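Read off the chains here:
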Amino acid sequence: MLASKRTELLPIGRHEIPKRATGRYESVTAGAENVDAFIPFDLPPARPALFVEGKLAYPLREAEQALVRLDLAGDIVP
């Protein structure tokens, strides 16, 4: 019998965002002290894939276009 995996949802205002692991911790030595370092996963996340749709799709597209314009303006400035 296969157990189904249920994604935990975090309530954010009126929206719910699926909780996902964003990295891992690794014990390392810094100087003479042992510490836990957080190592984030590569972006964009692959499991589960990140899909932007609905109300967030248009503002995201506008933000991406603004970043392109900013990048082009940076090329013009000496």
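Residues numbered from 1 in each chain as written. Predicted model: local features only at pLDDT ≥ 70, side-chain atom pairs only at ≥ 80, totals over all residues. Heavy atoms only, no water.

**Q** Break down the overall build of the protein chain for me, with residues and values.
**A** When helices and strands are counted, the protein chain shows 1 helix and 4 strands. The secondary structure elements of the protein chain, listed N-terminal to C-terminal, are β-β-β-β-α. Counting contacts in the protein chain only where the partners sit at least 6 residues apart, residues at least 24 apart contribute 14% of the total. Surface accessibility of the protein chain: about 7,900 Å² in total, with carbon and sulfur atoms responsible for 60%. (Helix = DSSP H or I, 4+ residues; strand = E, 2+ residues; numbered from the N terminus. Contact = heavy atoms within 4.5 Å. Areas by Shrake-Rupley, 256 points an atom, 1.4 Å probe, with all protein chains shown as cover.)

**Q** Which residues make up the pairing of strand S4 (residues 33–40), and what values do they have?
**A** Of all the 8 residues making up S4, 0 are buried; the element is thus mostly uncovered. Note that strand S3 (residues 23–30) and S4 share 8 bridges and pair antiparallel. Residue pairing in the sheet places Ser-27 in a bridge with Asp-36 of S4. Here S3 hands over to S4 after 2 residues, with Gly-31 in that stretch at a positive phi of 70°. (Buried < 20%, exposed > 50% of the residue type's maximum accessible area, 1.4 Å probe, protein only. Pairing = 2+ DSSP bridges.)

**Q** Requested: an account of a nonpolar patch on the surface, with residues and values cited.
**A** Side chains of Leu-50, Val-52, Leu-56 and Leu-60 sit close together on the surface and give an oily, nonpolar patch of about 370 Å² of accessible area. Tracing the backbone shows Leu-60 in helix H1 (residues 57–76). (Patch = residues over 30% accessible without salt bridge, like charges linked within 9 Å, V, L, I, M, F, W, Y side chains within 5 Å. Salt bridge = Lys/Arg side-chain N within 4 Å of Asp/Glu carboxyl O.)

**Q** Lay out the pattern of salt bridges with the relevant residues and their values.
**A** A complete count under the given rule lists 1 salt bridge for this structure. A salt bridge links Glu-26 to Arg-24, with the shortest nitrogen-to-oxygen separation between them at 2.5 Å. Judged by its relative accessible area of 34%, Glu-26 is partly exposed. The class of Arg-24 is partly exposed, set by a relative accessible area of 40%.

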